[in-house]
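# Chain and residue survey
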Amino acid sequence: MLSKFNNSLELLEVAQKEQLYQNLLVQLEKDFGLANISLKIHKDIAPSELKSLLHEKIYVLMVEKFSEYLNLLYVVDIPEEAVRNMPLSDVVDLSAEVSFLLLKREWQKVWYKHKYNT
């Protein structure tokens, strides 16, 4: 079910309900790995913990490793315009919004793979 989500937790709840949460975790680790960014996710991580982990990781990348951050956006396939069109605010809020964009894009990948590979 690809629908409009209001926030990361709502998206993660749908992923759990559709039994694709573990696939989402695998996709996240895969894409972070392709961007050469270490991200260790325990298979039993709660959605709220995952949301916090991603938010923190994106924040650190934005502040300390901007080129790696840009590479991650490229690997995950987040359109530059989507980030550029975000309202200017502090880095904490911006990193939360980018984390949500990242989760939405990763969810699309997982959902489409599941729908069209079964």
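Definitions and limits used
- Residues numbered from 1 in each chain as written.
- Predicted model: local features only at pLDDT ≥ 70, side-chain atom pairs only at ≥ 80, totals over all residues.
- Heavy atoms only, no water.
- Helix = DSSP H or I, 4+ residues; strand = E, 2+ residues; numbered from the N terminus.
- Rg over C-alpha atoms; globule rule 2.2 N^0.38 Å.
- Buried < 20%, exposed > 50% of the residue type's maximum accessible area, 1.4 Å probe, protein only.
- Contact = heavy atoms within 4.5 Å.
- Areas by Shrake-Rupley, 256 points an atom, 1.4 Å probe, with all protein chains shown as cover.
- Lys, Arg positive; Asp, Glu negative; His and termini not counted.
- Charge placed at Lys NZ, Arg CZ, Asp CG, Glu CD.
- Polar contact = N/O pair within 3.5 Å; in protein donor to acceptor, adjacent residues only side chain to side chain.
- Expected span 1.5 Å × (residues − 1).
- Core = buried A, V, L, I, M, F, W, Y, C linked by side-chain atoms within 4.5 Å.
- Phe/Tyr/Trp six-rings, centres within 6.5 Å; stacked < 30°, edge-to-face > 60°.

## So, the overall build of the chain
In terms of helices and strands, the chain carries six helices and zero strands. The order of α-helices and β-strands along the chain, N terminus first, is α-α-α-α-α-α. Over its C-alpha atoms the chain spans a radius of gyration of 14 Å, differing by no more than 12% from the 13 Å that the globule rule assigns to 118 residues. Projected onto its principal axes, the C-alpha coordinates of the chain cover approximately 40 × 25 × 25 Å. Put simply, the chain has 118 residues, and 37% of those count as buried. Long-range pairs, those at least 24 residues apart, make up 67% of the contacts in the chain with a sequence separation of at least 6. A total accessible area of about 7,400 Å² is found for the chain, and carbon and sulfur atoms account for 51% of it. Side chains of the chain carry 14 positive and 17 negative charges; the gap between the two charge centres is 7 Å.

## Section: the side chain of Lys 109
Structurally, the position occupied by Lys 109 is in helix α6 (residues 91-117). Separated by 2.6 Å, the side chains of Lys 109 and Asp 31 make a polar contact.

## Observations regarding the environment of Trp 111
Within the fold, Trp 111 resides in helix α6. Sequence separation of Trp 111 and Leu 24 is 87 residues, and the distance between their C-alpha atoms is 8.8 Å.

## Looking at α6
Relative to the 39 Å expected for 27 residues at 1.5 Å per residue, α6 spans 38 Å between its end C-alpha atoms, a close match to the ideal helical length. All of the buried residues along α6 are Ser 95, Val 98, Ser 99, Phe 100, Leu 101, Leu 102, Leu 103, Glu 106, Trp 107, Lys 109, Val 110 and Trp 111.

## A word on the side chain of Gln 27
Relative to the helices and strands, Gln 27 resides in helix α2 (residues 21-34). Judged by relative accessible area, which is 6%, Gln 27 ranks as buried. When residues no more than four places from it in sequence are discounted, the contact partners of Gln 27 are Glu 106, Lys 109, Val 110 and Lys 113.

## With respect to the nonpolar core
Nonpolar side chains in soluble globular proteins tend to end up buried together. Leu 24, Leu 28, Phe 32, Leu 50, Leu 72, Leu 102 and Trp 107 are the most contacted members of the largest nonpolar core, which has 36 residues in total. Listed by contribution, the elements that provide at least two residues to this core are α1 (8-17), α2, α3 (47-64), α4 (66-76) and α6. When residues of this core are assigned to their parent elements, the largest contribution, eight residues, is made by α6.

## Side note on the packing of aromatic side chains
Pairs of aromatic rings are described using the distance from one ring centre to the other and the angle between the two planes. As enumerated under the stated definition, the model contains three aromatic pairs in all. Seen from their ring centres, Phe 66 and Tyr 69 are 5.3 Å apart, and the 40° between their planes marks the pair as tilted. Of this pair, Phe 66 and Tyr 69 both sit in helix α4, three residues apart, which is roughly one turn of the helix. By relative accessible area, which is 45% here, Phe 66 ends up partly exposed. Using a relative accessible area of 3% as the deciding quantity, one classes Tyr 69 as buried. Between Tyr 112 and Tyr 116 the ring centres are 6.1 Å apart and the planes differ by 15°, which places this aromatic pair in the stacked class. Taken together, the residues span about one helical turn, with Tyr 112 and Tyr 116 both in helix α6 at a distance of four residues. Residue Tyr 112 is classed as partly exposed on the basis of its relative accessible area of 39%. Among the aromatic side chains, those forming a connected cluster through ring pairs are Trp 111, Tyr 112 and Tyr 116.

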